[in-house]
Amino acid sequence: MQLLSRGDTGPAVAEVRAALEALGLLEPADAAHSVFDAALFDSALEDAVRAFQQNRGLITDGVVGTATYRALRDARWSLGDRMLCLQTTNMMTGDDVFALQERLLELGYDSGRADGAFGRQTEQALRSFQRDYGMAPDGICGPRTLRHLGYLGRKVTGGRPGLLREQERLHKAGPRLSGKRIVIDPGHGGSHPGGAVGDVTEAGLVSDIARRLEGRMSAAGMEALLSHGPQDCPTDAERAGFANSAGADVVLSLHIDANPSPAANGLAAFHFGTGTGATSTVGEALAGYIHRELLARTRMTDCGVHPRPWELLRLTRMPAVRVEIGYLTNDSDRHRLLDPAFRDVVAEGILVAVKRLYLLGQNDKPTGTFTFSDILQREEGSPIGA
Ligand SMILES: [Zn+2]
């Protein structure tokens, strides 16, 4: 779709305005408001778009692109507005589906990660719920099912099964790296270089770091798969699909940020989370390990660890982390990234962070001190420091 931003006019702008008004983020237009005013993207509308983006965990640029537009459309629906069921050709998505999934999860029915899309697992969870509560298990969420979901009252529960299952799997996985399957996802690629300063591109640098990481992982006995070759740039949904069909244990998405301000610099990590409660705890733990290892090893500026509902993080069925390794537009960050030794340090830090995840905090060494040879030695079975 075409991007909408301040100064734009037309029916699409009016639609965005109406959606934000319905969400209470924008004062409803009074009678004096002409059709022309409603179709103008003014500064009040821009503020409302930013507020919406912020509480949805989207990039708060005040511009309506595909992700914001989709989130606005999904936000129109609240549970009970329409019947919900599995549609194989055109999957139903929206905040109502999200609310249903959260409700089922709270009640102990595993509808998978609450992602706002009514898929097969949501249908199965709904059918089980219906069966248990004496309804025809038709997998359709209509008035009767809603009434039952409402009648039951809010139960206090220990957490969300989909995300708890990630923890369970992690505990069962054991501390060894050998045999773990990791998807390394270099951002962008092919004709989409991502950020670029002169000849230096984000895609070029992250694919180099990805290869360094892949080499170390293979040496440690892991199965490292790249989500795509250097000539291709799959969509985030395709990257997630690749990781899902590969049955990966973990997905690592590598990016380098860019900003109009050359002063912006530093390191940030992201894991799945909606900002309204659902968070991948394993993803968060891994994002934290990567973040801390890289900060300790590189002394880059700390830009934090954040939950985001981005497609790659949301659609992957395993813990996924996206890391923004500095800013290409910052002279200091860029010069460091251009040094192959620095890229080795980054690759090693990420590998160590994955190892820490599987160690579950046991037999640990201080952040920033674990080396690649420590890891190889451990994989061979000789305990460190014993
Ligand atoms: Zn990027």
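Residues numbered from 1 in each chain as written. Predicted model: local features only at pLDDT ≥ 70, side-chain atom pairs only at ≥ 80, totals over all residues. Heavy atoms only, no water.

**Things to note about the environment of Glu 15**
Thought 1: Within the fold, Glu 15 resides in helix H1 (residues 11-22).
Thought 2: Sequence separation between Glu 15 and Arg 73 is 58 residues, and the spatial gap between their C-alpha atoms is 9.8 Å. (Helix = DSSP H or I, 4+ residues; strand = E, 2+ residues; numbered from the N terminus.)

**Quick word on unusual backbone geometry**
Thought 1: The phi angle at His 188 is positive, at roughly 65°, despite the residue not being glycine.
Thought 2: For His 188, a relative accessible area of 23% gives the class partly exposed.
Thought 3: In this model, Arg 299 sits at a positive phi of 55°, which is unusual for a non-glycine residue.
Thought 4: Topologically, Arg 299 is positioned in the loop between helix H11 (281-298) and strand S7 (302-308). (Buried < 20%, exposed > 50% of the residue type's maximum accessible area, 1.4 Å probe, protein only.)

**With respect to the confidence of the model for the protein**
Thought 1: Put simply, the protein has an average pLDDT of 86, and 90% of its residues get 70 or more.
Thought 2: Long-range and interchain partners of residues 151-159, a stretch whose pLDDT sits below 50, account for 11 contacts in this model, where long-range means more than four residues apart.
Thought 3: A low-confidence stretch, residues 382-386 (pLDDT under 50), is modelled with five contacts involving residues beyond four sequence positions or located in other chains. (pLDDT = per-residue confidence, 0-100. Contact = heavy atoms within 4.5 Å.)

**Digging into the sheet that holds strand S1 (residues 181-186)**
Thought 1: Read across the sheet, six strands follow the order S4-S1-S5-S8-S6-S7 without closing on themselves; strand pairing throughout is mixed. In this open sheet, the two strands that pair with only one neighbour each are strand S4 (223-226) and S7. On average, adjacent strands in this sheet sit at an angle of 20° to one another, irrespective of strand direction.
Thought 2: Its contacts with the sheet put helix H9 (residues 202-219) on S1, S4, strand S5 (250-257) and strand S8 (320-327), and the angle it makes with S5 is roughly 145°. (Pairing = 2+ DSSP bridges. Axes fitted to C-alpha atoms, helices over the stretch in contact; angles between N-to-C directions.)

**A few points about the environment of Gln 101**
Thought 1: With respect to the helices, strands and loops of the structure, Gln 101 is situated in helix H5 (residues 95-106).
Thought 2: In the structure, Gln 101 is positioned 22 residues away from Glu 123 in sequence and 9.7 Å away in space, judged by C-alpha atoms.
Thought 3: The residues contacting Gln 101, other than those within four sequence positions of it, are Ser 111, Arg 113, Ala 114, Asp 115, Gly 116, Ala 117 and Thr 122.
Thought 4: Within the local environment of Gln 101, its side chain forms a polar contact with the backbone nitrogen of Asp 115, the two atoms lying 3.0 Å apart. (Polar contact = N/O pair within 3.5 Å; in protein donor to acceptor, adjacent residues only side chain to side chain.)

**Side note on the coordination of the zinc ion**
Thought 1: Distances from the zinc ion to its protein donors, His 188 (NE2), Glu 202 (OE) and His 255 (ND1), fall within 2.0 to 2.1 Å.
Thought 2: Expressed as a motif, the donor residue spacing for the zinc ion is H-x13-E-x52-H. With Glu 202 in helix H9 and His 255 in strand S5, this residue pair connects regions lying 53 residues apart in the sequence.
Thought 3: Using a relative accessible area of 4% as the deciding quantity, one classes Glu 202 as buried. (Donors = N, O, S within 2.8 Å, 3.2 Å for Na, K, Ca; no water.)

**Notes on helix H10 (residues 236-246)**
Thought 1: Every buried residue of H10 is accounted for by Arg 239, Ala 240, Ala 243, Asn 244 and Ala 246.
Thought 2: The inward-facing, buried residues of H10 contact S1, S4, S5 and helix H12 (311-315).

**Description of the packing of aromatic side chains**
Thought 1: This structure, assessed with the given rule, holds three aromatic pairs.
Thought 2: Arranged with centres 5.7 Å apart and planes meeting at 90°, the rings of Tyr 109 and Phe 129 form a pair that is edge-to-face. Highlighted residues: Tyr 109 in the loop between H5 and helix H6 (120-132) and Phe 129 in helix H6, separated in sequence by 20 residues. Exposure class is identical for Tyr 109 and Phe 129. Each is buried.
Thought 3: Ring geometry for Phe 129 and Tyr 133: centres 4.8 Å apart, planes at 35°, overall tilted. (Phe/Tyr/Trp six-rings, centres within 6.5 Å; stacked < 30°, edge-to-face > 60°.)

**Structural notes on empty space enclosed by the protein**
Thought 1: Tallied over the full model, the rule gives one cavity of 30 Å³ or more.
Thought 2: Taken as a whole, the largest cavity encloses approximately 40 Å³ of empty space.
Thought 3: Asp 236, Ser 253, His 255, Trp 310, Leu 312, Leu 313 and Arg 322 are the residues that line the largest cavity.
Thought 4: For the lining of the largest cavity, the elements supplying multiple residues, two or more each, are S5 and H12.
Thought 5: In the lining of the largest cavity, the residues fall into three nonpolar, two polar and two charged. (1 Å grid on protein atoms, 1.4 Å probe; cavity = no way out; pocket = protein on both sides within 12 Å on 5 of 7 lines; lining within 4 Å. Points joined across faces, edges and corners; volume = space filled by probe spheres on them. Nonpolar A, V, L, I, M, F, W, Y, C, P; charged D, E, K, R; others polar.)

**Let's talk about the nonpolar core**
Thought 1: By size, the foremost hydrophobic cluster in this structure holds 47 residues, and its most contacted members are Met 217, Leu 252, Ile 290 and Val 354.
Thought 2: The leading source of residues in this core is helix H14 (residues 340-359), at 11 residues.
Thought 3: Discounting residues that sit within four places of it in the chain, Val 354 has contacts with Leu 177, Ile 182, Met 217, Met 222, Leu 252 and Leu 286.
Thought 4: With 16 residues, the next largest nonpolar core counts Leu 4, Val 16, Leu 58 and Val 64 among its residues. (Core = buried A, V, L, I, M, F, W, Y, C linked by side-chain atoms within 4.5 Å.)

**Focus on the pairing of strand S6 (residues 267-272)**
Consecutive side chains of a regular strand alternate in pointing toward one face of the sheet and then the other.
Thought 1: In terms of residue burial, S6 counts as a mostly covered element, since six of its six residues are buried.
Thought 2: Where S6 meets S8, five bridges bridge the pair, whose relative direction is antiparallel. The residue bridging Ala 268 from the neighbouring strand is Glu 324, located in S8.

**Comments concerning the packing of H11 against H14**
Thought 1: Interhelical geometry of H11 versus H14 gives an angle of 145° and a closest axis separation of 8 Å. Seen from above, H11 lies across H14 with right-handed handedness. Here H11 contributes Val 282, Ala 285, Leu 286, Tyr 289, Ile 290, Glu 293, Leu 294, Arg 297 and Thr 298 to the contact with H14, which in turn contributes Phe 342, Val 345, Val 346, Glu 348, Gly 349, Ile 350, Val 352, Ala 353, Val 354, Arg 356 and Leu 357.
Thought 2: Among the residues making up the contact of H11 with H14, the classes are represented as 14 nonpolar, two polar and four charged. (Left-handed = near helix turned anticlockwise from the far one by under 90°.)

**Comments concerning the pattern of salt bridges**
Thought 1: A complete count under the given rule lists 17 salt bridges for this structure.
Thought 2: Across the salt bridge formed by Asp 208 and Arg 212, the nearest N and O atoms sit 2.6 Å from each other. Separated by four residues within a single helix, Asp 208 and Arg 212 lie in helix H9, roughly one turn from each other. Per residue, the accessibility class of Asp 208 equals that of Arg 212, and both read buried.
Thought 3: A salt bridge links Arg 322 to Glu 324; the shortest N-O distance between them is 2.7 Å.
Thought 4: Judged by relative accessible area, Glu 324 falls into the buried class, the value being 6%.
Thought 5: In this structure, a network of salt bridges that share partners links the residues Asp 208, Arg 212, Arg 216, Arg 343 and Asp 344. (Salt bridge = Lys/Arg side-chain N within 4 Å of Asp/Glu carboxyl O.)

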